[in-house]
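Structural features, examined
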Amino acid sequence: MIRFQQVSKAYRGGRQALQKVDFHLGKGEMAFLTGHSGAGKSTLLKLIAAVERPSDGRIFFNDHDITRIDSHQIPFLRRHIGMIFQDHRLLMDRTVFDNVALPLQIAQSPAGDVKRRVSAALDKVGLLDKAQCLPIQLSGGEQQRVGIARAVVNKPLVVLADEPTGNLDADLSQQMMGLFAEFNRVGVSVLMATHDTSLLSRHSYRRLELHQGSLREVTYGA
Ligand SMILES: Nc1ncnc2c1ncn2[C@@H]1O[C@H](COP(=O)(O)OP(=O)(O)OP(=O)(O)O)[C@@H](O)[C@H]1O
């Protein structure tokens, strides 16, 4: 589903964020992406969604080479990706409902479908009663859950999550992990960047670890 071949990324004027990264995440596979602050986790996720471009190497998504994807093709790529950002990226002047509906509206889904799917996604993250609130009226953890609902509302092939449990307490983190596991059970690939050691110790998913831009696979029990 996602394949990196010798992928490097250097930001303009910045230091090397990723160095010769190789990995393959199969269809329906779930993995944690770990590493110290600044190790390159967000950069790796952004390269998959074509938010950033690699400096070197090749990236494949669903067998398509997206290394130098044309900008007009990016919306088609993103239709298959649910991205959960560290900073939520919600539209603060739109209701929770409208924020979650956004990917469906971009895909021009019929209004009846939008209502049904947004309600189902909000129900899953426990926020159905906040549908008409503005994000500012929600806590940080609730905003994060709106971001999760928005990422999964149009049934993507892949969920890319950047610290999705960062603002959640232990119980809610477990609940959200249960939700990701549920998506994964129905065939969605999930790649989740996290620092949350309690999640890592409780769940034995594959673990990819970045250290100063280089990737290694951590074997269970290591
Ligand atoms: N837009 C940018 N311009 C220049 N340098 C950047 C940019 N984004 C990230 N970097 C640099 O690239 C490196 C990797 O950053 P990245 O955000 O991918 O790390 P991270 O592992 O996600 O960190 P954190 O856990 O703190 O979010 C860092 O040295 C960072 O300063």
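Quick caveat, the model's predicted, so the values are computed rather than measured. (Residues numbered from 1 in each chain as written. Predicted model: local features only at pLDDT ≥ 70, side-chain atom pairs only at ≥ 80, totals over all residues. Heavy atoms only, no water.)

1. Quick notes on the pattern of salt bridges
- In total, this model carries 9 salt bridges according to the counting rule given.
- The salt bridge involving Arg-206 is made with Glu-217; its shortest N-O contact spans 2.6 Å. One end of the pair, Arg-206, is in strand E9 (residues 206–211); the other, Glu-217, is in strand E10 (residues 214–218), with 11 residues separating them in the sequence.
- The class for Arg-206 is buried, based on a relative accessible area of 16%. (Salt bridge = Lys/Arg side-chain N within 4 Å of Asp/Glu carboxyl O. Helix = DSSP H or I, 4+ residues; strand = E, 2+ residues; numbered from the N terminus. Buried < 20%, exposed > 50% of the residue type's maximum accessible area, 1.4 Å probe, protein only.)

2. Side note on the sheet that holds strand E5 (residues 64–65)
- Overall, antiparallel pairing links the 4 strands, which are arranged E2-E1-E4-E5 in an open sheet. The open sheet is flanked by strand E2 (16–25) and E5, the only strands paired with a single partner.
- In terms of strand pairing, strand E1 (residues 2–10) meets strand E4 (residues 56–61) through 5 bridges, oriented antiparallel. Following the sheet pairing, Arg-3 is matched in E4 by Phe-60. (Pairing = 2+ DSSP bridges.)

3. What about the site of the ligand?
- Neighbouring the ligand are 13 residues; Ser-37, Gly-38, Lys-41, Ser-42 and Thr-43 lie closest to it.
- If the ligand stood free it would expose 640 Å²; the protein chains cover 67% of that surface.
- Among the residues making up the shell around the ligand, the classes are represented as 3 nonpolar, 8 polar and 2 charged. (Near = heavy atom within 4 Å. Areas by Shrake-Rupley, 256 points an atom, 1.4 Å probe, with all protein chains shown as cover. Nonpolar A, V, L, I, M, F, W, Y, C, P; charged D, E, K, R; others polar.)

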